[in-house]
Protein chains: 2
Amino acid sequence: MHDKMNHELNPRISADCVIFGFDLNKLNVLLIERETVVGLDTYKALPGDLIFEDEPLDTAANRVLNELTGLEDIYLEQVGAFGDPDRLSKPQDRAWLKAVRQDPDARVITIGYYSLVGMNNYVPQPASFARAATWIPIEEIGELAFDHRQILDGALKKLKEKLNVQPIGFNLLPEKFTLSQLHRLYEAILGVELDKRNFRRKMLKMDILESLEERQEGVPHKPSQFYKFNEQKYHDLLKTGFDNFAF
Amino acid sequence: MHDKMNHELNPRISADCVIFGFDLNKLNVLLIERETVVGLDTYKALPGDLIFEDEPLDTAANRVLNELTGLEDIYLEQVGAFGDPDRLSKPQDRAWLKAVRQDPDARVITIGYYSLVGMNNYVPQPASFARAATWIPIEEIGELAFDHRQILDGALKKLKEKLNVQPIGFNLLPEKFTLSQLHRLYEAILGVELDKRNFRRKMLKMDILESLEERQEGVPHKPSQFYKFNEQKYHDLLKTGFDNFAF
DNA sequence: GGACCTTTGTGTCAAAAATACACTTTGCGA
DNA sequence: TCGCAAAGTGTATTTTTGACACAAAGGTCC
């Protein structure tokens, strides 16, 4: 419990955010395009930055996210801490750090966060203050800066687990949505096929959806019914304890 | 992404460990007894300490745990990062920090870990190198140092969630155990009553237990059968994917 | 306008799992 | 030998899962 001279770490802390969105077809993640120092390639990273002194972790994550993407008031859930001593040691990463950080050699431990947003709520501005934050379909994401790939994978795993415990995913959809869209969303997150009829049966039995009068228009096939999410019933359900949300 | 002068945090990082054990009756947590500075009261805390430079987080957690309790090679799972700026601000905590730390005012962000051990594997030595680490039944734990109560609660929540996804808990029991003991363990972790017959049926159907010839002796009632955990079958099961571990 | 394409939307049956529930057995101690 | 305490066991009912195929609606294209 005593200080160990010259052994202790005096690192920096950052927050990195994995923001999931759904374009009614595929699951996407909001990534920052960075220019490499040579200025040729671009180079993708999670929105993240160092946190301030006296700033709570959650607050920092929200601030950083807002600064880099413009997103505001997002409920962020923690993925965990990522602190490998060599997590910043790839050559590309080192170059970037040297160009940008006061103390590029400092160890940085990052706290990963994730969230879900409706993609309509965030349309990246072509060349705005948000330095080229863009939605990338999750299957097209390859390597990322630092250990961000690992953070992303951790976030996706937590998201899957969470989906089996409580019905989420409503944040990822527009206010009015069809059951097919919700169905595709579940398949996109879980990465498996789900039987259409069984999915509908189970989802409707939860009794957290309200069917609207409105239907799709202008589609070259049978128009589908719109539904909306009933928050009241959802919260009641959470309180009375839940089971059976797994697919 | 640029450094923000004088705003950045240069905090310290610690690791705190929540170690669960089971005495065949109640769930226990391994806590450190600290003397308060006044030397009268004792004062309980999770085993934890600052991490070293260039030390991976998981390694640090294991080292710290070993230094404080003597436990070795424990598989630790992360609970998350706890970094409230005022998490060290209770008067008792401040006094302790002043007495013990070089820089008692530094902000400390801690990474919480948890694990399960068989209580036989760790019998606290009365006044040994392990500075009074003791098992405390979980219902008797009140306030703890810093935000350790919060870390403990987080760890217990994760443990419950995990128990519903995969059958664990074998680490918490002696090598040979009875189904009643396992039953009590599940009830202790989940905090609910489970029907005896249904519990047995389900547990046996998983086919990861082996019944031994041996039976209890010297008990003033029908002696129960001993079982042991079959690791081979368990790992096979994990690979083929699992469902139905929930109670 | 008719053929065609695409997606929506719906029901049943069988198998598996969950739940509720009570009495007999065993061994020790008095 | 009686009583006590915990172990161990089976069944009937309900609920949930999983597999599976075809009609309905609306646009497009000729």
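Let me begin by describing the structure that accompanies this report. (Residues numbered from 1 in each chain as written. Chains lettered and ligands numbered in written order. Predicted model: local features only at pLDDT ≥ 70, side-chain atom pairs only at ≥ 80, totals over all residues. Heavy atoms only, no water.)

## As for the pairing of strand β6 (residues 108-116) of chain B
Working note: regular strand, side chains alternate between the two faces of the sheet. Residue and element names in this part refer to chain B. For β6, a buried count of nine out of nine residues is recorded, marking the element as mostly surrounded by other parts of the structure. Bridging between strand β1 (residues 12-22) and β6 involves nine bridges; their strand directions are parallel. Bridged to A15 within β6 is I111. As paired elements, strand β5 (residues 77-82) and β6 share five bridges and run antiparallel to each other. Paired with G80 across the two strands is G112, which belongs to β6. (Buried < 20%, exposed > 50% of the residue type's maximum accessible area, 1.4 Å probe, protein only. Helix = DSSP H or I, 4+ residues; strand = E, 2+ residues; numbered from the N terminus. Pairing = 2+ DSSP bridges.)

## Observations concerning unusual backbone geometry
Keep in mind that most residues, glycine aside, have a negative phi and that most peptide bonds are trans. All names here are of chain A. Located in the positive-phi region is D54, a residue other than glycine, with phi close to 60 degrees. Relative to the elements of secondary structure, D54 occurs in the loop between β4 (48-50) and α1 (57-69). Look at D54 and you get exposed, because its relative accessible area is 56%. Residues other than glycine seldom take positive phi values, yet D207 does so here, at roughly 60 degrees. Locating D207 in the fold gives a position in the loop between α5 (196-205) and β8 (209-215).

## Things to note about the protein's contact with DNA strand C
Taken together, 23 residues sit near DNA strand C, with S180, H221 and Q225 of chain A together with R201 and K222 of chain B positioned nearest. For DNA strand C, the fraction of atoms within 4 Å of the protein that belong to sugar or phosphate moieties is 40%. Between DNA strand C and R197 of chain B there is a distance of 3.2 Å, counted from a base nitrogen to a side-chain nitrogen or oxygen. The contact in question runs from a base nitrogen of DNA strand C to an N or O atom on the side chain of N198 of chain B, over 3.3 Å. Secondary structure elements with two or more residues in the surface near DNA strand C: α5 of chain A together with α5 (196-205) of chain B. Top contributing element to the surface near DNA strand C by residue count: α5 of chain B, with five residues. Looking at the surface near DNA strand C residue by residue, the classes come out as five nonpolar, seven polar and 11 charged. (Near = heavy atom within 4 Å. Polar contact = N/O pair within 3.5 Å; in protein donor to acceptor, adjacent residues only side chain to side chain. Nonpolar A, V, L, I, M, F, W, Y, C, P; charged D, E, K, R; others polar.)

## Some points on the nonpolar core
Membership of the largest hydrophobic core comes to 50 residues, with the highest contact counts inside it found for I19 of chain A together with I19 of chain B. Among residues more than four places away in sequence, those in contact with I19 of chain A are N28, V29, L30, L65, L71, L76, S115, V117 and W135 of chain A. (Core = buried A, V, L, I, M, F, W, Y, C linked by side-chain atoms within 4.5 Å. Contact = heavy atoms within 4.5 Å.)

## Digging into the environment of S14 of chain B
All names here are of chain B. Assignment of secondary structure puts S14 in strand β1. Taking the C-alpha atoms as reference points, S14 and I51, separated by 37 residues in sequence, lie 5.2 Å from one another. Not counting chain neighbours up to four residues away, the residues in contact with S14 comprise D49, L50, I51, V108, I109, T110 and I111. Side-chain polar atoms of S14 contact the side chain of T110, separated by 2.7 Å.

## Section: the protein's contact with DNA strand D
By nearness alone, 21 residues border DNA strand D, and R201 and P220 of chain A together with S180, K196 and Q225 of chain B come closest of all. By atom count, sugar and phosphate contribute 39% of the portion of DNA strand D lying within 4 Å of the protein. Interatomic distance of 2.9 Å between a backbone N/O atom of K222 of chain A and a base nitrogen of DNA strand D. Here a phosphate oxygen of DNA strand D sits 2.7 Å away from a polar atom, N or O, in the side chain of R200 of chain B. Within the residue set of the surface near DNA strand D, elements represented by two or more residues are α5 of chain A together with α5 of chain B.

## Focus: the packing of aromatic side chains
All names here are of chain A. All chains considered together, the criterion is met by 14 aromatic pairs over all chains. Look at W96 and F146: their rings are 6.0 Å apart centre to centre, the planes differ by 70 degrees, and that puts the pair in the edge-to-face class. Taken together, the positions of W96 in helix α2 (residues 91-100) and F146 in the loop between β7 (133-137) and α3 (148-163) put the pair 50 residues apart, joining distant regions of the chain. Overall, the relative accessible area of 11% leaves F146 in the buried class. (Phe/Tyr/Trp six-rings, centres within 6.5 Å; stacked < 30°, edge-to-face > 60°.)

## As for the packing of helix α4 (residues 179-190) of chain A against α5 of chain A
Residue and element names in this part refer to chain A. Two elements in contact, α4 and α5, have axes separated by 11 Å at closest approach and are oriented at 105 degrees. Judged by the angle between their axes, α4 and α5 are roughly perpendicular. Along its contact with α4, which presents L179, S180, L182, H183 and Y186, the element α5 presents K196, F199, R200, M203 and L204. Residues that form the contact of α4 with α5 fall into these classes: six nonpolar, two polar and two charged. (Axes fitted to C-alpha atoms, helices over the stretch in contact; angles between N-to-C directions. Parallel < 35°, antiparallel > 145°, perpendicular 65-115°, else oblique.)

## Brief notes about the pattern of salt bridges
Under the definition given, this model contains 29 salt bridges over all chains. As a salt-bridge pair, R63 of chain A and E55 of chain A come within 2.6 Å of each other at their nearest N and O atoms. Accessibility classification places R63 of chain A together with E55 of chain A in one group, the buried group. Between D16 of chain B and R87 of chain B there is a salt bridge, and its shortest N-O distance comes to 3.9 Å. You can see D16 of chain B sitting in strand β1 and its partner R87 of chain B sitting in the loop between β5 and α2 (91-100), a full 71 residues away along the chain. Overall, D16 of chain B belongs to the buried group, its relative accessible area being 3%. A residue is classified by how much of its surface remains accessible, and R87 of chain B, at 6% relative accessible area, is buried. (Salt bridge = Lys/Arg side-chain N within 4 Å of Asp/Glu carboxyl O.)

## Structural notes on the packing of helix α3 (residues 148-163) of chain B against helix α4 (residues 179-190) of chain B
All names here are of chain B. Relative orientation of the contacting elements α3 and α4 amounts to 130 degrees, with a least axis distance of 9 Å. The angle between α3 and α4 falls in the class oblique. In this structure, α3 uses L156, L159, K160 and L163 to contact α4, whose residues at the interface are Y186, I189 and L190. Here the contact of α3 with α4 is composed, by residue class, of six nonpolar, no polar and one charged.

By themselves, these are just geometric observations and shouldn't be taken as functional.
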